[in-house]
Each structure stands twice: as C-alpha cells, then as structure tokens.
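What follows is the residue order along each chain.
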Amino acid sequence: MVPFAGYSMPVQYPAGLMAEHLHTRSAAGLFDVSHMGQLRLVGPDAAAAFESLMPVDVIGLGVGKQRYGLLLNDEGGILDDLMFVNRGDDLFVIVNGACKVADIAHIQARIGQRCQVIPLPEQALLALQGPQAVTALSRLAPGVAQLVFMTGGAFSIDGIDCYVTRSGYTGEDGFEISVPAAQAEGLARTLLAQPEVKPIGLGARNSLRLEAGLCLYGNDLDTSTTPVEAGLTWAIQKVRRAGGEREGGFPGAAKVLAQLADLQGTAGVLTRKRVGLVALDRVPVREHTELQTLAGERVGEVSSGLLGPSINQPVAMAYVRADQAALGTRLNAIVRGKPVAMQVAAMPFVPNRYYRG
C-alpha cells in the first residue's frame, strides 16, 4: 500500500505486477479507482458552459455517449484530462484523483453561475478491464453487453443501482462502474467471485496504460503542456477547430489553434511533441531521463517508461523537439551516464481492443 492522491492504495496484490498486467490482458482485472473525482453538471446551459472550458464538442454529444475532454488554462496548458457522459438530465464527469479538488473549484469558479456543479463524494468507482470483462459483468447485469465503447447507461448490478460506461484506461475492452460508496465493497467482492476476475493494483494500471499509449496526468500531461504538444489532437473535434462552427472560444484557443496549424512544426509554432519510444537494448528507461541525438545534443526527456510486460520490451513516452519526432528517428537515452539506443515508434505499443460493436 502506498499514499496516492491523498489515499492509501495498493501498488500490487500478492500475485505481483507482471501477473496482474498479463491477467488483465488475457481475462479481467478489477481496479478500485474510487480516488477519482465524480461530479454532475446540471441545467439547460450545462453543455455550452462546460464547452467554454475545453477544446472539445460538448454541445453535440448525444445522450448516452461519452467523450474524452481536456480542461485548459488561459495559456492552453492542460489542467486535467477527464471523461464526461451526456446522461440526458445531466453531464456526468470523472476527473483525476490528484486534481479533483482543484478541478471542481476551477469548474465552479468558471461556470458555477451558468449551471449547477454537484460533486459526488458519496460515489465510488470500480473499473473492470480485459477481454473477459463483458462475460463476468454480464452474469450480474445482462444488459451491459449492449453497450459499445464510449457509451454508458444505468444498470442494476447484483441489485445495486450503478452507472456503467464501456471504457477504461488499459487499451482493453471493459467497464467503469459508478456505485454508491456504501455498496462498493460488496460489489467488488461479488465481481472478484467471478472466475475471470482478479484484483489489480496501481503498478499494473500504469504499465497497462503505457503500453496502450495513454497519458498519465502529472507524468505525460501538465499545465506547461498543450493538447497539440501532447499529441491529443484527435480529442479536438472539427467543430472547435479553425473554420469550425464553434471555432475557438476555449482557454488558450489562440495558441492551441496556431499549433494545430503547424502540426509538422515547420513554422516554429509547435516546438515539441509527445512520441512513443522503443528501447533497442533491454534497459528500462524511466521518467525524467534525458534524450539526446546521436551527436549528443539534448532534444527532450522521457515522461513515462518501463519494461512493457505484454511485449517484453522497454517502452517509453517522451517529449522531443519537433524535428526529432518522426517515426524511426534514433535517439539516445542517457541512463546512469551511458547511452541507451531508442527509436521513435508508433503508439499504442499493444493494439487497442475496444468493443465498437
């Protein structure tokens, strides 16, 4: 157990990180992610208000649909990444645990006059992830199999009223289950009684998301990083881009849209990019490791790195100078004073297996 985001959380269970990681990739893993922040935005202006804080399409999101969002500061830096669902009578928002107090205060200060901002501290959150997650959960709530990736709905699971989305942060098919905190342990034990399911700790959660090419706030995203630098341009819908129906109008829009127009970095507006790296030697490369060109010029730094259990190869994410971001570029990571050969590689490192119907 370790302190994490103000909570005491398991790094691993007795099986260990490697076994937990591989079990999630092959069967189903249960994560307690109740440290995450949950809130509701309520009122007729809620979607337009929330859209004013992020470079994403909130107004156009259909009922029962979920979307990935990015709260930005006035310089276009990322305050947090989050998920939100249009539930018809509200927007249901899930934010990162370490950021939730600041996020809720920020949302309240910016749009609290336009809609109700209602934190949900009485709700816990469980994530059930892996190719057999749907088999395990369907025994307790048969309707969940009808959901597809990035959709959600209200379900009774073993007699408990829950809100379930088909999403997660492992690259696998799976579900996130918002459950009343008083009933969370009972539900967790019921899920763990299913033959496919084992408990998974923070260590494997980190290795799973890294193999899936997914950012961790505080490592790969922070207030000094824009969505374009982070390679999250897919999260900025056309309607919010230059020439779109609701172009700009979000914090830092001028900077973010200028970087979007310079995706190749040729105009010098976009100066760095997040890339995937694969080590050509079997040496794990950790965060904050310096990256150099083969000629010894410093061009970036690793933001996350470890030995990928599924591919048995060291992988990393890093921010590098824009002219060093092309696939196949060779760089050296400086580990204990010695160069480790790395190559810029496509992400995800392991193919995503989301269920899209």
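For the structure itself, look to the data block above.
Criteria and cut-off values
Residues numbered from 1 in each chain as written. Predicted model: local features only at pLDDT ≥ 70, side-chain atom pairs only at ≥ 80, totals over all residues. Heavy atoms only, no water. Helix = DSSP H or I, 4+ residues; strand = E, 2+ residues; numbered from the N terminus. Rg over C-alpha atoms; globule rule 2.2 N^0.38 Å. Buried < 20%, exposed > 50% of the residue type's maximum accessible area, 1.4 Å probe, protein only. Areas by Shrake-Rupley, 256 points an atom, 1.4 Å probe, with all protein chains shown as cover. Lys, Arg positive; Asp, Glu negative; His and termini not counted. Charge placed at Lys NZ, Arg CZ, Asp CG, Glu CD. Phe/Tyr/Trp six-rings, centres within 6.5 Å; stacked < 30°, edge-to-face > 60°. Core = buried A, V, L, I, M, F, W, Y, C linked by side-chain atoms within 4.5 Å. Contact = heavy atoms within 4.5 Å. Disulfide = S-S within 2.5 Å. Salt bridge = Lys/Arg side-chain N within 4 Å of Asp/Glu carboxyl O. Pairing = 2+ DSSP bridges. Axes fitted to C-alpha atoms, helices over the stretch in contact; angles between N-to-C directions.

J.: Help me understand the overall build of the chain, please; the structure alone is not making it clear to me.
T.: The number of helices and strands found in the chain is seven helices and 19 strands. Computed over its C-alpha atoms, the radius of gyration of the chain comes to 20 Å, within 12% of the 21 Å expected for a compact globule of 357 residues. Summarising its shape, the C-alpha atoms of the chain cover approximately 65 × 50 × 40 Å along the three principal directions. Going through the 357 residues of the chain one by one, you find that 58% of them count as buried. As presented, the chain carries roughly 14800 Å² of accessible surface, and 54% of it is formed by carbon and sulfur atoms. Of the charged side chains in the chain, 31 are positive and 33 negative; the average position of the first set lies 5 Å away from that of the second.

J.: Just to check I follow, could you spell out the packing of aromatic side chains for this structure?
T.: Centre distance and the angle of the planes are the two values used to describe a pair of aromatic rings. Summed over the entire model, instances satisfying the criterion amount to four aromatic pairs. Both rings, one in Tyr68 and one in Trp234, keep their centres 5.2 Å apart while their planes meet at 25°; by these two values the pair is stacked. Here Trp234 lies in the loop between helix H6 (202-211) and helix H7 (253-260) and Tyr68 lies in strand E5 (residues 66-72), a separation of 166 residues in the sequence. Assessed through its relative accessible area of 54%, Trp234 is described here as exposed. Arranged with centres 5.8 Å apart and planes meeting at 70°, the rings of Phe92 and Tyr163 form a pair that is edge-to-face.

J.: For this particular structure, what's the right way to read the nonpolar core?
T.: The tendency in soluble globular proteins is for nonpolar side chains to be buried as a group. Counting 27 residues, the largest nonpolar core has Tyr68, Leu70, Ile78, Leu221 and Leu232 as the members making the most contacts within it. Mapped onto this core, the elements with two or more residues apiece are E5, strand E6 (78-86) and H7. Ranked by residues supplied to this core, first place goes to H7 with four residues. When residues no more than four places from it in sequence are discounted, the contact partners of Leu70 are Leu53, Met54, Pro55, Ile78, Asp80, Asp81, Pro227, Leu232 and Ala235. The next biggest cluster of nonpolar side chains, apart from the first, holds 26 residues, and it includes Ala28, Ile157, Cys162 and Ile177.

J.: Help me understand the state of the cysteines, please; the structure alone is not making it clear to me.
T.: Disulfide: a covalent bond connecting the sulfur atoms of a pair of cysteines. This structure, assessed with the given rule, holds zero disulfides. Not part of a disulfide, Cys115 finds its nearest cysteine sulfur in Cys99, a span of 20 Å. Classification of Cys115 as buried rests on a relative accessible area of 6%. Here Cys215 stays unpaired: no disulfide links it, and the sulfur of Cys99, its closest cysteine neighbor, is 13 Å away.

J.: Would you mind going over the pattern of salt bridges with me for this structure?
T.: Inspection of the entire model under this criterion finds 20 salt bridges. Between Glu51 and Arg240 there is a salt bridge, and its shortest N-O distance comes to 3.9 Å. Of the two residues, Glu51 is situated in helix H2 (residues 46-51) and Arg240 in the loop between H6 and H7; the sequence distance between them amounts to 189 residues. Taken individually, Glu51 and Arg240 each receive the classification buried, so the pair is uniform in this respect. Arg67 is paired through a salt bridge with Asp57; the nearest N and O atoms lie 3.7 Å apart. On the criterion of sequence distance, the pair formed by Arg67 in strand E5 and Asp57 in the loop between H2 and E5 is long-range, its members being 10 residues apart.

J.: Hey, could you run me through the sheet that holds strand E19 (residues 338-345) in this one?
T.: Hydrogen bonds between backbone groups are what pair the strands of a sheet, and the pairing can be parallel or antiparallel. What the six strands build is a closed barrel, ordered E14-E17-E16-E15-E18-E19; its pairing is antiparallel. Strand-to-strand twist of the sheet, defined as the mean angle between neighbouring strand axes without regard to direction, takes the value 40°. Sheet topology note: the strand E14 (residues 272-279)/strand E17 (residues 313-321) ladder contains seven bridges and is antiparallel. What sits directly across from Leu277, in E17, is Ala316. The strands touched by H6 are strand E16 (298-308) and E17; relative to E16, the strand with the most contacts, the crossing angle is about 120°.

J.: Would you take a moment to explain unusual backbone geometry for this structure?
T.: In this chain, Met347 is followed by Pro348 through a cis amide linkage whose omega measures 0°. By the element assignment, Pro348 lies in the segment after E19. Here the phi dihedral of Asp158 falls at roughly 55°; this positive angle occurs in a residue that is not glycine. Along the chain, Asp158 falls in the loop between strand E10 (152-157) and strand E11 (160-165).

J.: I keep staring at the sheet that holds strand E8 (residues 116-119) and nothing clicks. Help me out?
T.: Strand order in the open sheet made by the five strands is E5-E6-E7-E4-E8, with antiparallel pairing throughout. Of all strands in the sheet, those bounded by a partner on one side alone are E5 and E8. Strand-to-strand twist in this sheet, taken as the mean axis angle between neighbours without regard to direction, amounts to 30°. Pairing analysis gives seven bridges linking E5 to E6, with the strands arranged antiparallel. From the neighbouring strand, Tyr68 faces E6, where its bridge partner is Met83. Of the strands in this sheet, strand E4 (37-42), E5, E6, strand E7 (91-95) and E8 touch helix H3 (residues 100-111), which is tilted by about 15° from E4.

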